[in-house]
Structures are given as C-alpha cells and as structure tokens.
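Residues per chain are reported as follows:
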Amino acid sequence: MDLTSIILFTTVLAVTAGSPGPSIAALVARVLSRGPKSVLPFLAAMWIGEGLWLTAAILGLSYIAQTFATVFLILKWAGVAYLLYLAWRMWHAPTDPQDAAIPHSGGGWQLFGAGCAVTLGNPKIMAFYIALLPTLIDISAVTLSGWAELIAVMLVVLIAVDLAWVCAASAARRLLKSPDAIRIANRISASTMGGAALGIATRT
C-alpha cells in the first residue's frame, strides 16, 4: 500500500469511527452503567466485525449486501432487539454503588453477540466499507500484505477512538457516587441505548 492511500484511509476512518452513532452510543451507555471492564467483549466484537467488512470489501464481495440482504436485515433487527433489552436492564439496574459495580454473569458472551449484531447490521459501517472505501483506495490492487496493513491501521484507529470514548465515559462515571446519581446515570444510559437501537432501526 502506498503511503498516500494509508493516510487517506486512516483519516477518513478516524473521522467516521469517532462520530457519534449507534455503536458509540451503546458503548458509552454501557460504560456509564457498568464500568469500562464490562465493554471489552462488546469492543472486541465491534473490531472483529469491522475487520470482516474490510476483508469483504477488499475481496470484492460488496454484492453480498444485496445478495444476502435478508441476512443483514436479521442481524440488524437482532442488534436492535438486544440493545432495547440492555436499555430495559439499565433502566431497572440497582442504584447501590456496590451492587451496580457487579457485572451480570454470562454477560460477556451476550455483549459479544450484541457487538457483532450491531457492527454487522449497522448501515453506517456498511456504507463506509462497501461504498466509501473503494473511493479511498484501489481495491483491485490490494495484495495480501496490503490487506494486513489496512487491518493493522483499522485496529489502531478503532482502538484509539473507542478507548477515548471509554475513558471519557469512565471519568464521568467516577463522579457518580450517590444512589440518586447512579439512578439518573442508569436512566440516561438506558435512554441512550434505546436511542442507539432506534438509530439503527430507522437507518437504511
């Protein structure tokens, strides 16, 4: 990959990934509700999902989005349903600071599944890799080493952007000490998560 293409890809990806959207809203809401450690499975799924989209675009499989539209529609609505479920759980979460810090058992795999559904079914991410990526780099000229470079760049950018959001949300969460403050944060998080679900549901 030539340096110009790498820089262009990095810049546009950073701007796109950093802009608030359904995935970021769900991420911030989870951190506010349960703390930064609880979002690691969700983050891993997001990064893997974007890697799959990047790989599909490079392999010239953009037609998958049209050929298997039903599959992606199912993924989209599965993500919406699970985000709404998380919003409901957050709304009714305990307000005692010690209780609120305890993650639910089995939540890791559930969050990983939610992250996959949200990433694979998010129209914003689809549009970036299927429609925008080919205008940034010459897909037909990408070799195996070029793919590896793009995957590495993608991971660095996404990790930096997403962890910045996690740190910001975590800093805000540390200010919440009283049960009333935790209740308000839970309700805000639930509303944000619900808004993320609505955002995915209404975008095409």
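Residues numbered from 1 in each chain as written. Predicted model: local features only at pLDDT ≥ 70, side-chain atom pairs only at ≥ 80, totals over all residues. Heavy atoms only, no water.

Topic: helix α1 (residues 3-18)
Phase 1: With 16 residues, α1 extends 22 Å between its outermost C-alpha atoms, agreeing within 8% with the 22 Å of an ideal straight helix rising 1.5 Å per residue.
Phase 2: Three or more residues of α1 are buried, namely S5, I6, F9, V12, L13 and A17. With its buried residues spanning 145° around the axis, α1 presents them on a single face. Along α1, the residues that are exposed and aim more than 90 degrees away from the buried face are L3, T4 and V15. (Helix = DSSP H or I, 4+ residues; strand = E, 2+ residues; numbered from the N terminus. Expected span 1.5 Å × (residues − 1). Buried < 20%, exposed > 50% of the residue type's maximum accessible area, 1.4 Å probe, protein only. Arc of directions from axis to C-beta.)

Focus: the environment of A25
Phase 1: Counting through the fold element by element, A25 comes out in helix α2 (residues 22-34).
Phase 2: Between the C-alpha atoms of A25 and G194, which are 169 residues apart in sequence, the distance is 9.2 Å.

So, the side chain of E50
Phase 1: Residue position: E50 is located in helix α3 (residues 40-58).
Phase 2: Looking at E50, its side chain comes within polar contact range of the side chain of Y129, at 2.7 Å.
Phase 3: Setting aside residues no more than four positions away along its own chain, E50 makes contact with L13, T119, I125, Y129, M154 and L158. (Polar contact = N/O pair within 3.5 Å; in protein donor to acceptor, adjacent residues only side chain to side chain. Contact = heavy atoms within 4.5 Å.)

Thoughts on the nonpolar core
Phase 1: F9, L13, L54, Y129, L133 and L150 are the most contacted members of the largest nonpolar core, which totals 41 residues.
Phase 2: Secondary structure elements with two or more residues in this core: α1, α2, α3, α7 (107-120), α8 (123-136) and α9 (144-174).
Phase 3: Here this core takes nine residues from α9, the largest share from any one element.
Phase 4: The contacts of F9, once residues within four sequence positions are left out, are L54, F128, L133, L136, L150, V153 and M154. (Core = buried A, V, L, I, M, F, W, Y, C linked by side-chain atoms within 4.5 Å.)

Observations concerning the environment of R89
Phase 1: Inspection of the secondary structure puts R89 in helix α5 (residues 69-91).
Phase 2: Its relative accessible area of 27% is what places R89 among the partly exposed residues.
Phase 3: Considering only alpha carbons, one finds R89 and A190, 101 residues apart in sequence, at a separation of 7.8 Å.

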